[in-house]
Amino acid sequence: PSLGLITGARASMDIAINFENMKHTGLENLYRSWQNNKLWWNDPDCLLLAGNLPENQYMFHASLLYATGGALLSGDDITSLRPNRLAILKKMVNVPGIAAEFDSDKFNYGWINNHSKKQLVVLNWEKDAKTFHIPIEKPCTLINYFTGEKIGSFDKEIVLKDFSGEDGCVYDIQ
């Protein structure tokens with residue numbers, strides 16, 4: 001337990017370049033994300049983008065850390081990052097500091113309601129691809145936050161077909 005005035009607190013175990021560890025540590029962070037900006041600023045440990053994991057697992061890790069709304073530290077030698085992963089790191093610098101509000105304790109999808117924009121975080125915890133059906137209040141267009149790619153326009157629900165297993169993404173809602 002902590003006692004006294006705290007501005008930042010570690011919210012999880014140490015991270016490693018191992019997807020099972022990233023999932024477990026990420027889940028710890030998401031269960032504690034309600035504390036962010038209420039008790040202190042969460043420290044979800046490091047963003048790791050170096051190594052030889054599949055791209056989808058790095059996207060899951062980056063999207064999950066984005067969803068915590070906490071502090072961001074890079075645990076990599078930035079000079080050794082591949083260009084596509086360096087681009088992810090550059091986008092992560094703009095974390096809004098607001099934790100996503102998820103649909104359930106399964107943490108499949110959650111909303112970040114920033115004053116300037118609304119974002120959707122989608123996480124597929126399963127090994128296999130699946131289709132997400134996400135209800136929306138009004139028509140919108142979905143833009144991949146990391147790539148700028150337009151995903152599509154939706155009227156009553158967002159449907160993400162064949163969303164890769166062990167993958168994640170952050171979307172801007174327009």
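Use the structure listed above.
As a starting point, this report considers the structure included with it. Here the residue index of a chain counts from 1 through its sequence in written order. Local features are withheld for residues below a pLDDT of 70 in this predicted model, meaning they are given only at 70 or higher, and side-chain atom pairs are given and counted only at 80 or more; totals for whole chains, interfaces and linings count all residues. Computation of side-chain values covers all heavy atoms of the structure but excludes hydrogens and water.

**Let's talk about the pairing of strand S12 (residues 167–173)**
Now for step 1: Relative accessible area decides the class of each residue, using a 1.4 Å probe on protein chains only: under 20% of the type maximum gives buried, over 50% gives exposed, and in between gives partly exposed. In DSSP terms, a helix is any run of H or I states spanning at least four residues, a strand is any run of E spanning at least two, and both are numbered starting from the N terminus. Among the seven residues of S12, seven are classified as buried, and the element is accordingly described as predominantly covered.
Now for step 2: Note on pairing: two strands pair once DSSP finds at least 2 bridges between them. Where strand S9 (residues 140–144) and S12 come together, three bridges link them in antiparallel fashion. In the sheet register, Leu142 faces S12, and the bridge partner there is Ile173.

**Some remarks on the packing of aromatic side chains**
Now for step 1: Any Phe, Tyr or Trp ring, taking Trp's six-membered ring, that has another such ring centre within 6.5 Å forms a pair; planes under 30 degrees apart are called stacked, those over 60 apart edge-to-face, and the others tilted. For the structure shown, the criterion picks out seven aromatic pairs.
Now for step 2: Consider the rings of Phe19 and Phe60, whose centres lie 5.3 Å apart with planes at 70°: the pair is edge-to-face. Of this pair, Phe19 sits in helix H1 (residues 19–32) while Phe60 sits in helix H2 (residues 55–68); the two residues are 41 residues apart in sequence, bridging distant segments of the chain.
Now for step 3: Residue classification places Phe19 among the buried positions, given a relative accessible area of 6%.
Now for step 4: The buried category is assigned to Phe60, whose relative accessible area is 0%.
Now for step 5: On the numbers, 5.3 Å between centres and 85° between planes, the contact of Phe132 with Phe163 is edge-to-face. You can see Phe132 sitting in strand S8 (residues 130–135) and its partner Phe163 sitting in strand S11 (residues 157–163), a full 31 residues away along the chain. When sorted by exposure, Phe132 lands in the same class as Phe163, which is buried.
Now for step 6: Aromatic ring contacts, followed pair by pair, group Phe19, Phe60 and Trp125 into a single cluster.
Now for step 7: Above the ring of Tyr145, the side-chain terminus of Lys91 is found at 4.4 Å from the ring centroid.
Now for step 8: For a ring to carry a charge above it, either NZ of a lysine or CZ of an arginine must fall within 6 Å of the ring centroid while also lying within 35 degrees of the normal to the ring plane. Above the plane of the ring of Trp111 lies Lys118, whose end atom (NZ or CZ) is 4.7 Å from the centre.

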